[in-house]
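Here's the letter readout for the chains.
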Amino acid sequence: YRGTYKISGSDEATLRAAGKVNMVYDVRNPKIAQVSTIVGASNEALLAYATLAACLGAIVYALWRLLHQWRKIAAIEKLFAQGTLVKTEVREVAVPKGSETGRFTYAFRGTNGRWFEGSSPELTIELLNQWPVGRAVVAAFDPGEPRTTEPDVFGVLASLKRPIPN
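(A) Structural view of the nonpolar core. Within the largest apolar cluster, 13 residues are counted, with the highest numbers of intra-cluster contacts made by Phe104, Tyr106, Phe108, Leu123, Trp131 and Val137. Those elements that place two or more of their residues in this core are strand E3 (84-94), strand E4 (101-109) and strand E7 (136-142). Setting aside chain neighbours within four positions, we find Phe104 in contact with Val90, Glu92, Val93, Gly118, Ser119, Ser120, Leu123, Leu128, Trp131, Val137, Pro151 and Val153. Ranked by size, the runner-up nonpolar core spans six residues in total, among them Leu79, Phe80, Leu85 and Ala140.

Right under this line is the structure:
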């Protein structure tokens, strides 16, 4: 479509200084058009800086999440390496309705003689089926804070060559 578009005198100086303008029109009736955003060098630079800031923000967030996960894994490894080991059994298996994952629970007696309950990490149904109620499971816990516990679902203790309690 070729046509002309009239602008008001008050907009002319701004548009000439910008050098570029975007036109918005309906493809069904291109005669009805209007000036959209004035795109100038300063707006292009602003867009570039905003894009760079968004990318840097995403990278910082991804690194923060990675560090957070690494710290969680390091704490679990330390618990398996230095924590108190206890042999117990699966008490209950729970899969929320409509979910593809679930957890099992277990209970153990801490060093102070009190009972504590723990739960597995989130497991797929396929992995959860390997842990039926009554199956023996070894858990590591922090004797100073027995609520900090982790079951050995993936055989970490064997790789650390720690003796498993009877």
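After that view, the rundown keeps rolling.
(B) Summary view of the packing of aromatic side chains. Throughout the structure, instances matching the rule amount to six aromatic pairs. Among the aromatic side chains, those forming a connected cluster through ring pairs are Phe104, Tyr106, Phe108, Phe116, Trp131 and Phe141. Seen from the ring of Trp131, Arg135 lies directly overhead, with NZ or CZ sitting 3.9 Å from the centre.

(C) Quick look at unusual backbone geometry. Although it is not a glycine, Lys161 adopts a positive phi angle of roughly 60°. The exposure class of Lys161 is exposed, given its relative accessible area of 72%.

(D) Region of interest: the layout of surface pockets. In this structure, the largest pocket spans a volume of roughly 270 Å³. Lys72, Ile73, Ile76, Phe80 and Glu150 are, among the 13 residues lining the largest pocket, the residues nearest its centre. When contributions to the lining of the largest pocket are tallied by element, the ones reaching two or more residues are helix H2 (41-82) and strand E8 (145-151). Of all the elements, H2 adds the most residues to the lining of the largest pocket, at six residues. Residues belonging to the lining of the largest pocket are distributed by class as follows: eight nonpolar, one polar and four charged.

Calculation rules
- Residues numbered from 1 in each chain as written.
- Predicted model: local features only at pLDDT ≥ 70, side-chain atom pairs only at ≥ 80, totals over all residues.
- Heavy atoms only, no water.
- Core = buried A, V, L, I, M, F, W, Y, C linked by side-chain atoms within 4.5 Å.
- Buried < 20%, exposed > 50% of the residue type's maximum accessible area, 1.4 Å probe, protein only.
- Helix = DSSP H or I, 4+ residues; strand = E, 2+ residues; numbered from the N terminus.
- Contact = heavy atoms within 4.5 Å.
- Phe/Tyr/Trp six-rings, centres within 6.5 Å; stacked < 30°, edge-to-face > 60°.
- Lys NZ or Arg CZ within 6 Å of the ring centre and 35° of its normal.
- 1 Å grid on protein atoms, 1.4 Å probe; cavity = no way out; pocket = protein on both sides within 12 Å on 5 of 7 lines; lining within 4 Å.
- Points joined across faces, edges and corners; volume = space filled by probe spheres on them.
- Nonpolar A, V, L, I, M, F, W, Y, C, P; charged D, E, K, R; others polar.

On their own, these measurements won't tell you what the molecule is for.
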